[in-house]
Amino acid sequence: MAQEDVFKKVVSHCKEYGFVFPSSEIYDGLGAVYDYGQNGVELKNNIKNYWWQYMVRLHDNIVGIDSAIFMHPTIWKASGHVDAFNDPLIDNRDSKKRYRADVLIEEQIAKYEEKIEKEVAKAKKRFGDSFDEEKFRSTSERVIEEKAKRDALEKRYQEVMNAEGGIDLEGMKQIILDEGIVCPISGTRNWTDVRQFNLMFKTEMGASADGASTVYLRPETAQGIFVNYLNVQKTGRMKVPFGIAQIGKAFRNEIVARQFIFRMREFEQMEMQFFVKPGTELQWFEEWKKRRMAWHQALGFGAENYRFHDHDKLAHYANAATDVEFKMPFGFKEVEGIHSRTDFDLSQHAKFSGKKIEYFDPEDNTSYTPYVIETSIGVDRMFLSVICHSYCEEKLEGGETRVVLRLPAALAPVKLAVFPLTKKDGLPEKAQEIINSLKFHFNCKYEEKDQIGKRYRRQDAIGTPFCVTVDNQTLEDNTVTLRYRDTMEQKRVAIADLQGIIEEKVSIPYLLKNLK
Ligand code: ATP
């Protein structure tokens, strides 16, 4: 199946099976805002739990907080968001559509890369086992030509993005014109100038218009951590190196809001700021790259679906940055950012608040402003990567197709579905009895409608790893048929053994044990 089709199917599957709904749907929706349904919220909570347990529970030196969404407006001055949290935008006059100019250019770079990879793939097919890829890449005229175009564009792009005094907007427009980039809707090159647009949502706090002050909906959760650094370090008697983690909503007035929950205007982040001694930050940066990648890969989706994308272009406060990218149906995309943020944030807050924000190191009797390594992952993007990877259409013997979400069992919304074979002879009561004893341990669901086969399909479609059928034999010997989602294997097991068989597999600690 073409990857675009997979993505379309995932989006409609999410709606049909209660994972994700467009927000305010009966009013025709609200752009790039989504609601999570009865199954979506369970999956999302499990993802958050997986992150929290790994970061906070398994690390003795990381603690969590939950800071408010509203914060003192000066915080956003200090962080640079008021002045610099801007996207360069360009409009197409014919389609009236607005685009991020940097994204248009990055897509053009990706096109050159795609052409190169296509050439290589073609040659590989042609030459078979005798193919020397390295040699081909350095000698093929087509590849050399495309690579030269790509490198020249990349160089110009870096120059305009890092121009003195901020992004060179005119330079950006010129690149778009020179590259002949067209609007995907109108197909024309009738572009406006590039303009800057601040991504923060503003609102007023206070009763009267006179006394009210402008506050922002936070565009990231990180600043809530920085401004609580002293509180947590002192009350928790934390010793550097230590981390503070938080999960919470963030808001960005994104202009190019496409690709479902990949880019939303209201979304959720799981962020951790790790405070270290100056001079040790690059070592910690490498360490956190390793730990975060291991966390991703413990889900079992295959190492080939992940890669790091190290940033050449660094924000002025960072001395290293990388993205963890995952292979979505629309290409490798950022799911998480890992940044070495130096002492920028704490120093800025010290400057703007007038408070001393330092750490006294008892080991060598010195005081310093800690440096920070940040790991920042979007819950919704993680959700999307999990669901895209798990969605599967399987041809069965007899020609039937089943749609199954092969979710890691620990993330699945429902862990066990219990079906009475029929609605009579006391079978429903027996099924309820099983649920009543297991529901304290994991999420169970009761289903009695339709034939068993249909009930299995419905559970496959939401990723339920285990189903149990209660029949007349159950009433005699307290055994049930246990059916496994992935293999569809069925086994007769004692009711008394169910908890032991299922609980271990569906628990978050089971997943965490995969971490090397
Ligand atoms: P992008 O380049 O895609 O705009 P970013 O580099 O601005 O992302 P960060 O500021 O580093 O993103 O935020 C950290 C993480 O938060 C991202 O890796 C992503 O998972 C998530 N995230 C950021 N913006 C959004 C959004 N609009 N919708 C959903 N998730 C988001």
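The coordinates are above.
Residues numbered from 1 in each chain as written. Predicted model: local features only at pLDDT ≥ 70, side-chain atom pairs only at ≥ 80, totals over all residues. Heavy atoms only, no water.

Visitor: Just checking my understanding: could you explain the site of the ligand for this structure?
Guide: With respect to spatial proximity, 16 residues lie near the ligand, and among them Glu254, Arg263, Met264, Glu334 and Val335 are the closest. In this structure, Gly378 approaches the ligand through a main-chain N or O atom, which is 3.0 Å from an oxygen atom. A distance of 2.9 Å separates an oxygen atom of the ligand from a polar side-chain atom of Arg381. When the ligand sits alone it has 590 Å² of accessible area, and the protein chains cover 83% of it. Listed by contribution, the elements that provide at least two residues to the shell around the ligand are β10 (266-276), β13 (331-340) and β16 (371-378). For the shell around the ligand, the element with the most residues is β13, which contributes 5 residues. Classifying every residue of the shell around the ligand by side-chain character gives 4 nonpolar, 5 polar and 7 charged. (Near = heavy atom within 4 Å. Polar contact = N/O pair within 3.5 Å; in protein donor to acceptor, adjacent residues only side chain to side chain. Areas by Shrake-Rupley, 256 points an atom, 1.4 Å probe, with all protein chains shown as cover. Helix = DSSP H or I, 4+ residues; strand = E, 2+ residues; numbered from the N terminus. Nonpolar A, V, L, I, M, F, W, Y, C, P; charged D, E, K, R; others polar.)

Visitor: Help me understand the pairing of strand β4 (residues 86-91), please; the structure alone is not making it clear to me.
Guide: A regular strand carries its side chains on alternate faces of the sheet. Summarising burial for β4: 5 of the 6 residues are buried, a large majority. Here β4 runs beside strand β6 (residues 195-198); their pairing, made up of 4 bridges, is antiparallel. Bridge pairing links Leu89 to Arg195 in β6. Bridging between β4 and strand β5 (residues 98-100) involves 3 bridges; their strand directions are antiparallel. Bridge pairing in β5 links Asp91 to Arg98. (Buried < 20%, exposed > 50% of the residue type's maximum accessible area, 1.4 Å probe, protein only. Pairing = 2+ DSSP bridges.)

Visitor: Please clarify how the packing of helix α14 (residues 427-438) against helix α17 (residues 495-506) should be interpreted in this entry.
Guide: Two quantities define a packed helix pair, namely the angle between the axes and the distance from one axis to the other. Across the interface, α14 lies against α17 with an axial gap of 11 Å and an inter-helix angle of 40°. When the interaxial angle is binned, α14 and α17 end up oblique. In this structure, α14 meets α17 at a crossing whose hand is right-handed. Together, Lys430, Ile434 and Leu438 of α14 and Ile495, Leu498 and Gln499 of α17 make up the contact between the two elements. Each residue belonging to the contact of α14 with α17 can be placed in one class, and the counts come to 4 nonpolar, 1 polar and 1 charged. (Axes fitted to C-alpha atoms, helices over the stretch in contact; angles between N-to-C directions. Parallel < 35°, antiparallel > 145°, perpendicular 65-115°, else oblique. Left-handed = near helix turned anticlockwise from the far one by under 90°. Contact = heavy atoms within 4.5 Å.)

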